[in-house]
Amino acid sequence: MVIKIKWKLRKNVEFDGDFKKYISKVRDIQNIDEYLNPSVKNVHNPLLLKDIKRAVKRTMQGIDKNEKIVVFADPDVDGVIATVILVDYLKRLSSNVEYRYRERETGHGVEVDDIDKDTDLLIIVDSSSNEHKAVNKLSESMDVIILDHHNVEDSKKINAILVNPNQPDCPYPNKHLSGGGVVWKFIELLDYHYKQINIKRYLDLVAMSLLADQMDMSSLENRWIVKNGLSKIYNIGLLGLIYATKNNGKKLNAQIMNFDIIPLINTVARNNELHKAFKVFFEKDFFKAKRMGEYLIKENKERKIKIKKLFKEYEKIAEVGKFVLVVKEDAEKNYNGLISQQLASKYKRPALVLKDKGNIFAGSGRTFNNFDLQKFLKECPYVNQAEGHSGALGVEIQAENWDKFKQYIEDNIDEALFEEIIEYDIEVSNDELNWDLVKEILEFNHIWGNNAQPIMVKLKNVFINDKELFPKNNPEHVKIIGDNIELLKFNNAKYAADLDSWDIANFVGFLNVNEWRGAKKLQFLIEDYIKQ
């Protein structure tokens with residue numbers, strides 16, 4: 001399938017050399033200085049979270065009476081980080097604190113058998129807002145607090161103290177906190193009483209949780225957390241990962257976190273080895289943490305090889321219609337989300353990868369082009385379950401309804417929804433590109449994520465001096481060498497096969513600077529190109 005991509009200038013604004021003024025108009029940013037440098041006034045009062053005072057009061061009771069407190073973690077990066085933050089803090093106040101978790105292959109949310117019966121207070125983080133049955137059963141023998149951020153179906157059905165900005169009647173303005181963010185707010189109130197620590201020491205981990213869970217980065221509160229969290233690293237485990245990935249000495253940004261650090265923890269989650277993630281973030285010895293990071297890098301490389309193999313297998317049996325659909329008896333649960341994401345990216349439409357369990361097909365879905373996949377699936381009468389986020393979720397469908405479900409997609413989806421249009425923010429000729437402009441663009445790109453994408457650049461009239469594959473021992477990436485710039489395309493050795501030395505082309509993509517031993521090299525990460 002050949003996908004034709006249209007290019008479009010995001011907004012027709014005259015560029016007079018003042019980049020901040022220009023990008024403010026292009027991105028509809030009212031106060032660009034506040035956007036780039038949000039202040040603490042953008043951080044909301046935790047008391048605005050519904051029922052947080054009840055949760056804090058019950059936790060203080062448990063601490064003061066030395067009750068057995070168990071923290072239950074969701075098996076993803078945000079869940080791990082939320083648990084680490086909360087357990088680290090509570091253990092400063094009580095020796096009767098434990099944590100539990102399920103591996104990813106067993107699914108999200110708490111089950112009754114996960115928790116010891118002698119638990120006095122159970123605090124569930126980053127999940128279970130909709131796990132009415134299990135939570136209500138557990139609440140018969142213990143008190144339950146849920147610190148979560150996922151969409152809530154009916155908060156009245158659950159017998160727990162629920163702290164979740166997305167529950168009905170919660171006035172908290174930022175509906176895009178991560179699980180780690182909600183826990184940080186909870187600790188802020190606890191520490192108002194106990195005064196154990198400067199809670200800003202947890203901001204590095206909170207920032208990581210926001211980026212890992214792809215929270216809205218147009219939120220000024222989220223931007224403040226990420227900017228301040230990445231400015232100083234307190235967690236020894238995270239510092240070890242930064243050194244292991246050779247990012248020490250660099251100014252940490254969203255790109256480093258999203259591409260170098262977070263995938264290491266995602267790998268152990270998908271390999272059902274969450275204990276390794278906890279061990280890293282609880283580690284107090286820097287050199288041990290760095291060695292752990294080096295080991296995780298090897299594991300992550302092995303994961304990438306496995307994903308390539310799985311993608312080829314799944315793609316062979318994929319049904320490509322208005323959605324990409326894969327049903328496989330031996331589909332690996334921990335990799336369904338990754339494969340569906342890659343399928344959605346390649347075929348430019350939502351993708352579902354489901355395991356055939358006999359009478360039920362269950363797995364993961366990923367969207368494309370900001371289409372609200374969760375809303376669509378929840379409205380479909382043939383879908384049992386669609387839980388998670390609007391663009392990344394778990395899905396369950398009765399096998400007997402599969403053909404009806406496929407027909408429902410064909411009848412209710414306009415394929416024009418998924419027509420990919422690359423919207424670029426600014427266009428500049430190769431010979432007009434200067435370091436001052438690059439610096440301003442990279443300042444804007446320091447924090448990016450959902451609803452705050454990095455600046456897309458149209459680079460015109462690039463004269464190609466040479467083209468080569470790298471690395472030499474395993475050539476799988478393309479490097480196009482222009483005048484004072486390298487243009488890169490990763491993981492596709494056949495990319496731009498029609499381009500050769502002395503050709504001229506236009507490119508769209510993202511600017512980057514590679515720093516090595518004090519030397520700076522301008523790079524361009526290619527999204528698409530047109531040969532002239």
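Above this note sits the structure.
This structure is a prediction, so every number in the text was calculated from the model and none was measured. Within each chain, residues carry numbers counting from 1 in the order of the written sequence. In keeping with the predicted nature of the model, local features appear solely for residues at pLDDT of at least 70, side-chain atom pairs appear and are counted solely at 80 or more, and the whole-chain, interface and lining totals rest on all residues. Hydrogen atoms and water are omitted, and side-chain values are computed over all heavy atoms in the structure.

Residues qualify for a patch when their relative accessible area is over 30% and they have no salt bridge, like charges being joined within 9 Å and the nonpolar side chains of Val, Leu, Ile, Met, Phe, Trp and Tyr within 5 Å. Here, Shrake-Rupley sampling with a 1.4 Å probe gives the accessible areas, and only protein chains in the shown set may cover a residue. Salt bridges, as used here, are contacts in which a Lys or Arg side-chain nitrogen is within 4 Å of a carboxyl oxygen on Asp or Glu. Judged by side-chain polarity, Phe463, Trp502 and Ile504 come together as a nonpolar surface patch covering roughly 330 Å² of accessible area. Note on placement: tryptophan 502 falls in the loop between strand S18 (485-489) and strand S19 (504-516). Secondary structure elements are defined from DSSP: runs of H or I of at least 4 residues count as helices, runs of E of at least 2 residues count as strands, and each element is numbered from the N terminus.

For the rest of this paragraph, the subject is the side chain of aspartate 528. Turning to its location among the elements, aspartate 528 is positioned in strand S20 (residues 519-531). Exposure is judged per residue with a 1.4 Å probe applied to protein chains only, and the accessible area is read against the type maximum: over 50% gives exposed, under 20% gives buried, and values in between give partly exposed. Charge assignment in this entry is limited to Lys and Arg as positive and Asp and Glu as negative, and neither His nor the chain termini are counted. Although buried, aspartate 528 forms no salt bridge, and the nearest oppositely charged side chain, lysine 489, lies 7.5 Å from it. Ignoring sequence-local partners within four residues, the contact set of aspartate 528 consists of Ile5, Trp7, Ile422, Tyr495, Asn506, Phe507 and Val508. Working rule for contacts: check all heavy atoms of both residues, and any pair within 4.5 Å makes them a contact.

So, on to the pattern of salt bridges. Two side chains bearing opposite charge may form a pair once their charged atoms approach each other closely. One pass over the structure, following the stated rule, counts 41 salt bridges. Between glutamate 486 and lysine 479 there is a salt bridge; the shortest N-O distance is 3.9 Å. Each member of the pair glutamate 486 and lysine 479 is classed as buried. Notably, a salt bridge pairs aspartate 503 with lysine 531, separated by 3.7 Å at the nearest N-O pair. One end of the pair, aspartate 503, is in the loop between S18 and S19; the other, lysine 531, is in strand S20, and 28 residues separate them in sequence. Taking relative accessible area as the criterion, aspartate 503 reaches 18% and is therefore assigned buried. Relative accessible area serves as the criterion here: at 39%, lysine 531 is assigned to the partly exposed category.

Put simply, two rings from Phe, Tyr or Trp (the six-membered ring, in Trp's case) pair if the centres are within 6.5 Å, and we call them stacked under 30 degrees between planes, edge-to-face over 60, tilted for the rest. In total, this model carries 22 aromatic pairs according to the counting rule given. A ring pair is formed by tyrosine 382 and tyrosine 408, whose centres lie 6.3 Å apart and whose planes are at 80 degrees; its orientation type is edge-to-face. Placement of tyrosine 382 in the loop between helix H14 (373-379) and strand S11 (383-388) and of tyrosine 408 in helix H15 (residues 402-412) is noted, with a sequence separation of 26 residues between them. The class for tyrosine 382 is partly exposed, based on a relative accessible area of 24%. A ring pair is formed by phenylalanine 470 and phenylalanine 490, whose centres lie 6.1 Å apart and whose planes are at 75 degrees; its orientation type is edge-to-face. One end of the pair, phenylalanine 470, is in strand S16 (residues 466-470); the other, phenylalanine 490, is in the loop between S18 and S19, and 20 residues separate them in sequence. Every member of this aromatic cluster is reached through a ring pair, and the members are Phe323, Phe371, Phe376, Tyr382, Tyr408 and Phe418. Lysine NZ or arginine CZ positioned within 6 Å of the ring centre and within 35 degrees of the ring normal marks a charge as sitting over the ring. Note that lysine 195 overlies the ring of tyrosine 192, its terminal NZ or CZ placed 5.2 Å from the centroid. In this structure, lysine 489 is placed above the aromatic ring of tyrosine 495, and the distance from its NZ or CZ to the ring centre is 5.0 Å.

Another aspect to go through is the packing of helix H1 (residues 19-26) against helix H16 (residues 435-444). Axis definition: a line fitted to C-alpha atoms, limited for helices to the stretch in contact. Angles are taken between N-to-C directions and run from 0 to 180 degrees. It is at 10 Å that the axes of H1 and H16 come closest, and there the two elements cross at 45 degrees. Between H1 and H16, the crossing angle belongs to the class labelled oblique. Seen along the crossing, H1 lies across H16 with a hand that is right-handed. Between H1 and H16, the residues in contact are Phe19, Lys20 and Ile23 and Leu437, Glu440, Ile441, Glu443 and Phe444, respectively. Roughly parallel covers angles under 35 degrees, roughly antiparallel covers those over 145, roughly perpendicular covers 65 to 115, and oblique covers all other angles. A clockwise turn of the near helix away from the far one marks a right-handed crossing, whereas an anticlockwise turn of less than a right angle marks a left-handed crossing.

Attention now goes to helix H4 (residues 77-90). Compared with the 20 Å implied by 1.5 Å per residue over 14 residues, the 20 Å span of H4 between its first and last C-alpha is a close match. Burial of H4 is extensive: 14 of the 14 residues sit out of reach of the surface. One side-chain oxygen of the residue at the start of H4 lies 3.3 Å from the amide nitrogen of aspartate 78, identifying that residue as aspartate 76. Every helix has an expected span of 1.5 Å times one less than the residues it contains. Two N or O atoms form a polar contact when they lie within 3.5 Å of each other; inside protein one atom must be a possible hydrogen donor and the other a possible acceptor, and for residues adjacent in sequence the pair counts only when both atoms belong to side chains.

On to the pairing of strand S12 (residues 392-398), then. Alternating residues of S12 divide into Leu393, Val395 and Ile397, all buried, and Ala392, Gly394, Glu396 and Gln398, none buried. Across 7 bridges, the pairing between strand S10 (residues 360-366) and S12 is antiparallel. By the bridge assignment, serine 364 is partnered in S12 with glycine 394. Joining the antiparallel neighbours S11 and S12 is a turn of 3 residues. Strand pairing is assigned whenever DSSP detects at least two bridges linking the two strands.

Turning next to the packing of helix H11 (residues 274-282) against helix H12 (residues 286-317). Look at H11 against H12: their axes get within 11 Å of each other, and the N-to-C directions meet at 150 degrees. Considering their axes alone, H11 and H12 lie roughly antiparallel with respect to each other. Judged by the sense of rotation from one axis to the other, the crossing of H11 with H12 is left-handed. Seen from H11, the contacting residues are Lys276, Lys279 and Val280; seen from H12, they are Met292, Tyr295, Leu296 and Glu299. When its residues are assigned to classes, the contact of H11 with H12 shows 4 nonpolar, no polar and 3 charged. Note on residue categories: nonpolar means Ala, Val, Leu, Ile, Met, Phe, Trp, Tyr, Cys or Pro, charged means Asp, Glu, Lys or Arg, and polar means any other residue, Gly included.

Pairing in this open sheet of 5 strands is parallel, and the strands run S3-S2-S4-S5-S6 from one edge to the other. Lying at the two open borders of the sheet, with one neighbouring strand each, are strand S3 (97-101) and strand S6 (161-163). Shown here is a sheet whose adjacent strand axes are inclined to one another by a mean of 20 degrees, direction ignored.

Residues belong to one nonpolar core when they are buried, are Ala, Val, Leu, Ile, Met, Phe, Trp, Tyr or Cys, and are joined through side-chain atoms within 4.5 Å. Leu86, Leu90, Leu147, Met208, Phe281 and Phe507 are the most contacted members of the largest nonpolar core, which has 116 residues in total. Sort the elements by how many residues they give to this core and H4 lands first, with 10 residues. Sequence-distant contacts of leucine 86, defined by excluding residues within four places in its chain, comprise Val71, Ile123, Val125, Leu147, Val183, Phe186 and Ile187. Counting 22 residues, the second-largest nonpolar core is a separate cluster that includes Phe323, Leu373, Cys380 and Ile397.

So, about the layout of surface pockets. Considered as a void within the structure, the second largest pocket measures approximately 200 Å³ in volume. Grid points spaced at 1 Å and placed over the protein atoms alone form the basis of the search, with a cavity being a set where a 1.4 Å probe fits but cannot get out and a pocket an open set showing protein on both sides within 12 Å along at least five of seven lines. Lining residues have an atom within 4 Å of a point. Lining the second largest pocket are 15 residues, with Asp88, Arg92, Tyr234, Asn235 and Lys284 positioned closest to its centre. Looking at the lining of the second largest pocket, the elements with two or more residues in it are H4 and helix H7 (203-212). For the lining of the second largest pocket, the per-class residue count stands at 8 nonpolar, 1 polar and 6 charged. Grid points are joined across faces, edges and corners, and a volume is the space filled by probe spheres set on the points.

None of this, on its own, says anything about what the molecule does.
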